[in-house]
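Commentary on secondary and tertiary structure
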Amino acid sequence: MHRVVVTGLGPVSGIGIGVDEFTDGLRRGRSAAAPITSFDASGFPHRYAGEVPAFRPAEVLRRVRVEQWGRSALLAAAAARLAATDAGLPLPLADPGRAGAVIGTTSGESTVVEQLVADLVAGGYPSMSVDSLRQAPAERLAYAVSAELGLAGESVTLTTACSASNYAIGYAYDLLHTGEADVMVAGGADSVCRWAHAGFFRLGALTERQCRPFDRDRSGILTGEGGAALVLETLDHAVARGARIYAEVLGHGLNCDAHHMVAPNEDSIAACMRLALDNAGIKPVDVDYVSTHGTGTPANDLCEARAIRAVFGDRVPPVSSIKSMLGHTMGAASGFGAIATTLAIRHGFLPPTINWANPDPELPWIDPVPNVARPATVRVAQNNGFAFGGNNAITIFGAIR
Amino acid sequence: MSGVVTGCGVVSAAGDSVADVLTAIRAGAAVRADVRDRFAEPLPEVEAPAIADFDVRGLLGRKGTSFLDRATALAMVACGRALADGELTPDDDNRHRIGVVLGTTTGSLKSTMDFSRETLVQEKPYLVNPVLFPNTVMNCAAGQAAIRHGLRGVNATVAGGPLAFLYALRYALNAIRRGYADALLVGGVEEYTPNTAWAARLTDAGPAGEASAVYLLRRRGAEATGARAEVLSVATGFAPDDADAGLAGCARRALATAGVRAADVWALAGDDGDGLRDAVPATAERLPVRPALGDCQAAAGALAFGALLARYAEEPASAGRPALVTGRSRDGGVAAAVVRGWAGGGDDHR
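As named in an unreviewed UniProt entry, chain B is 3-oxoacyl-[acyl-carrier-protein] synthase 1, taken from Micromonospora robiginosa. Under Subcellular location (unreviewed entry), UniProt gives the following word-for-word description of chain B: "Cytoplasm".

The name recorded for chain A in an unreviewed UniProt entry is Beta-ketoacyl-[acyl-carrier-protein] synthase family protein, from Micromonospora robiginosa. If you open the UniProt record of chain A and go to Sequence similarities (unreviewed entry), you find "Belongs to the thiolase-like superfamily. Beta-ketoacyl-ACP synthases family."

**Quick word on the environment of A:Glu266**
Residues and elements named next belong to chain A. Along the chain, Glu266 falls in helix α10 (residues 266-280). On a C-alpha basis, the gap between Glu266 and Thr295 in space is 15 Å, while along the polypeptide they are 29 residues apart. Beyond its immediate sequence surroundings of up to four residues, Glu266 is in contact with Cys303, Arg306 and Ala307.

**Structural notes on the domain arrangement of chain A**
All names here are of chain A. Once the domains are mapped, chain A shows domain 1 (4-241) and domain 2 (252-398). Of note, the centres of domain 1 and domain 2, computed from C-alpha atoms alone, are 20 Å apart. With 62 residues of domain 1 in contact, the opposing surface of domain 2 contributes 65 residues. Of the roughly 4,600 Å² buried between domain 1 and domain 2 on both sides combined, carbon and sulfur atoms contribute 67%. Broken down residue by residue, the surface that domain 1 buries against domain 2 is led by Asn166, Phe214 and Arg218, which jointly contribute 19%. For the pair domain 1 and domain 2, the number of links is two salt bridges.

**Some words on the pairing of strand β9 (residues 247-256) of chain A**
All names here are of chain A. Along β9, ten of the ten residues are buried, which leaves the element largely enclosed by surrounding structure. Of the pairings in the sheet, the one linking strand β1 (residues 4-13) to β9 comprises three bridges and is antiparallel in character. Bridged to Val6 within β9 is Ala247. Examined bridge by bridge, β9 and strand β15 (residues 391-398) share eight bridges and lie antiparallel to one another. Bridging from a neighbouring strand, Asn255 pairs with Asn392 of β15.

**Regarding the interface of chain B and chain A**
Contacts between chain B and chain A engage 65 residues on the former and 71 residues on the latter. Taken together, the two surfaces of chain B and chain A that pack against each other cover about 5,800 Å², and 65% of this comes from carbon and sulfur. For the chain B face of the interface with chain A, the top three residues by lost area are B:Tyr126, B:Phe133 and B:Phe238, together amounting to 12%. Summed over the shared surface of chain B and chain A, the result is four salt bridges. Taking the shortest distance from any N to any O, the salt bridge between B:Asp331 and A:Arg140 comes out at 2.7 Å. Where the side of chain B that touches chain A is concerned, the elements lending two or more residues are α4 (109-121), α5 (140-149), β5 (155-159), α6 (164-177), α7 (194-202) and β8 (229-238) of chain B.

**A look at the UniProt feature "domain: Beta-ketoacyl synthase-like N-terminal" (unreviewed entry) in chain B**
Listed under "domain: Beta-ketoacyl synthase-like N-terminal" (unreviewed entry) in the UniProt record, and renumbered for this structure, are residues 4-195 of chain B. Counted over residues 4-195 of chain B, helix gives 36% and strand 17%. Its end C-alpha atoms are 36 Å apart.

**So, empty space enclosed by the protein**
Scanning the model with the defined rule gives six cavities of 30 Å³ or more in all. By volume, the largest cavity is sized at about 120 Å³. The wall of the largest cavity is formed by 17 residues, among which B:Ala71, B:Thr104, B:Gly107, B:Ala141 and B:Val189 lie closest to the centre. Secondary structure elements with two or more residues in the lining of the largest cavity: α3 (70-85), β4 (98-104), α5 and β6 (183-190) of chain B. Here the residues of the lining of the largest cavity sort into eight nonpolar, six polar and three charged. In this structure, the second largest cavity encloses a volume near 90 Å³. Forming the boundary of the second largest cavity are 13 residues, of which A:Ser107, A:Val113, B:Thr106, B:Thr112 and B:Met138 lie nearest the centre.

**Brief notes about α7(B)**
With respect to burial, α7(B) is a largely interior element, seven of its nine residues being buried. The set of residues buried in α7(B) consists of B:Pro194, B:Asn195, B:Thr196, B:Ala197, B:Trp198, B:Ala199 and B:Ala200. Against the buried residues of α7(B) lie α5 (130-135) of chain A together with α4 of chain B. Positive phi appears at B:Asp204, one or two residues downstream of α7(B), with a value of about 55°.

**A word on the domain arrangement of chain B**
Residues and elements named next belong to chain B. As assigned here, chain B comprises domain 1 (3-219) and domain 2 (230-341). Computed from C-alpha coordinates alone, the two centres of domain 1 and domain 2 are separated by 22 Å. Taken residue by residue, the interface counts 44 residues in domain 1 and 39 residues in domain 2. Summing both sides of the interface, domain 1 and domain 2 together bury roughly 3,200 Å²; the carbon and sulfur share of this comes to 71%. Between Glu314 and Arg26 there is a salt bridge, and its shortest N-O distance comes to 2.4 Å. At the junction of domain 1 and domain 2, the tally comes to twelve residue pairs in polar contact (both at pLDDT 80 or more).

**Observations regarding α4(B)**
If you check α4(B), its first and last C-alpha atoms are 18 Å apart, about what 13 residues at 1.5 Å a residue would give, namely 18 Å. Looking at α4(B), one finds that the buried residues are B:Leu109, B:Ser111, B:Thr112, B:Met113, B:Phe115, B:Ser116, B:Arg117 and B:Thr119.

Calculation rules
- Residues numbered from 1 in each chain as written.
- Chains lettered and ligands numbered in written order.
- Predicted model: local features only at pLDDT ≥ 70, side-chain atom pairs only at ≥ 80, totals over all residues.
- Heavy atoms only, no water.
- UniProt positions renumbered as here; feature names shortened; annotations may be inferred.
- Helix = DSSP H or I, 4+ residues; strand = E, 2+ residues; numbered from the N terminus.
- Contact = heavy atoms within 4.5 Å.
- Domains from an automatic or database assignment.
- Buried area = accessible area lost by both parts, 1.4 Å probe.
- Salt bridge = Lys/Arg side-chain N within 4 Å of Asp/Glu carboxyl O.
- Buried < 20%, exposed > 50% of the residue type's maximum accessible area, 1.4 Å probe, protein only.
- Pairing = 2+ DSSP bridges.
- 1 Å grid on protein atoms, 1.4 Å probe; cavity = no way out; pocket = protein on both sides within 12 Å on 5 of 7 lines; lining within 4 Å.
- Points joined across faces, edges and corners; volume = space filled by probe spheres on them.
- Nonpolar A, V, L, I, M, F, W, Y, C, P; charged D, E, K, R; others polar.
- Polar contact = N/O pair within 3.5 Å; in protein donor to acceptor, adjacent residues only side chain to side chain.
- Expected span 1.5 Å × (residues − 1).

Shown next, in the form of structure tokens:
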């Protein structure tokens, strides 16, 4: 069995594009929250989201042609290109069949589908754009990554909603760990869209301007978007090419609530944490930091905090939610969590939970790293991801030893 | 370690068993149902290879079924049938080791587009029905199937259109090999709606079809009832510049992993076998899905796999001989699975 390491990071986010900007954004507690520009939000009571207005795909992409792909595929491909550059990956690879892409998403090409809906409303089904129809399949997110980097191995899109990036990292880890691949690009992408904004608003889950996870007065999520990619390699492959190694992927865990489509389940989430820790071969006491799912809804944060308490007992490590900065980037969310976790290990700091004002008396064991990044030695970190459909996925990262 | 198929659940325009699927494929003519009165909206055709009678409430009961979309309901029914057929009853001792891996294209395109349309046509853009919001996520069918049948193990949805089932099969095989699950329901689902019908028409994909086909894949040695087939290996790749060569490469890798000689392949299930002319014997039997059942997208591979199981069941001489299931997408995705089946299980698995 092979050890698996992280050698490249590619964030395309509202708090920074590329690893340097993103790291700076995490350290400074930058916020991506701003008035929505990607669709006309004037009819909504809440009009803020975590968009990536600075994203110019043509400036990042070298091989895929922008006009042939939807926004989510472009976010994925750009994230992958940045990650490959950060990793110093020699492209084209000597053996592209041993390299692949696994990308997670919630809504796939949501903006393409919304364009189809606009066509439909304007002129009926026959007026739907053929180009848009061809861009709509969600599998194209991974294909865009493979096409951009010239990868010929497995190219798969996992559509397990808001834990999808952790599914992708876990699956890529398995393919590397078992020797089926040498290099995998894993992560996720999603775009801000009108229907998700409306859906979360009507569920009562949308906050107005600020996402404040674990705060007593937290009031919900901000929808967000972005592309998050990590270059994962077997340790042997990374060492052989002299790559800089950020961290090691220690393992992951998956399970399903089988309980409710939208309400999280505390016991099941705790069980998922135990699966991930077991798979990584570590104990709760080894974990120095938890990057939480931390959506900022009253229900999620209470449930997640209780599950953490159930697993970690009296030694709950500091936790934080980068959704306070990025918004809820849906299928990309746990990919950004993985990048933040990796950076925490590499650079020795805990990303903050911004917008935090008051402790929640129901969660006294939670230290949310309020508002300001904190220096810390992070040897092992846990990255949580939960989703509609009860799809829980957790990844574990460690300092290379 | 490979996975063993011990049960199947099928809902298709050809009927509700893998034998029905095989019969339709062998007949070669398009299966047709009258779809004229099915939707309030216009369709591009009066007949389509759609499921004629699918009574959600009759099959799943009234409770909790009011807001299910068709794809989700089809998947839930097929999952239930596969569990029953494989004689696996989830209980508190095993449910955390049983899961679901389903292939999709975009989830329910109709659910998502209808929900999105409400934001444009309602007086206020937020006047959407929140109960329908979960139907817009692509893992809805897998999540609902898990809730319905109480399955707390690995639960994944894999997008891949024509390759979705093979991707799901590979994902599931990995989960079983890695010890994450003892049994997984693996399949593909696609619904026939005005959205898919028009999408297929406008993109020249042929008539849209629909189906849900799900198989119970168990860890070898864990199977309780008769094994119908063994999935030896699945290989996938991305070859946008030369899909024929890419598919042949996949087939060769899958065969090598399985320890099977190409010359021993006796059947080829799927719509893209032509690219394998030089890789497997010309005499290998072809089982294409599309001419009979239309463009079933994420369900196509699952139907091809089912036809293969039925073929093994009716041909005792084929027992233990390897076959390939292949798939290819217009964007360059390629995949091949090596399967070995037996006559054992019988062929009526309603």
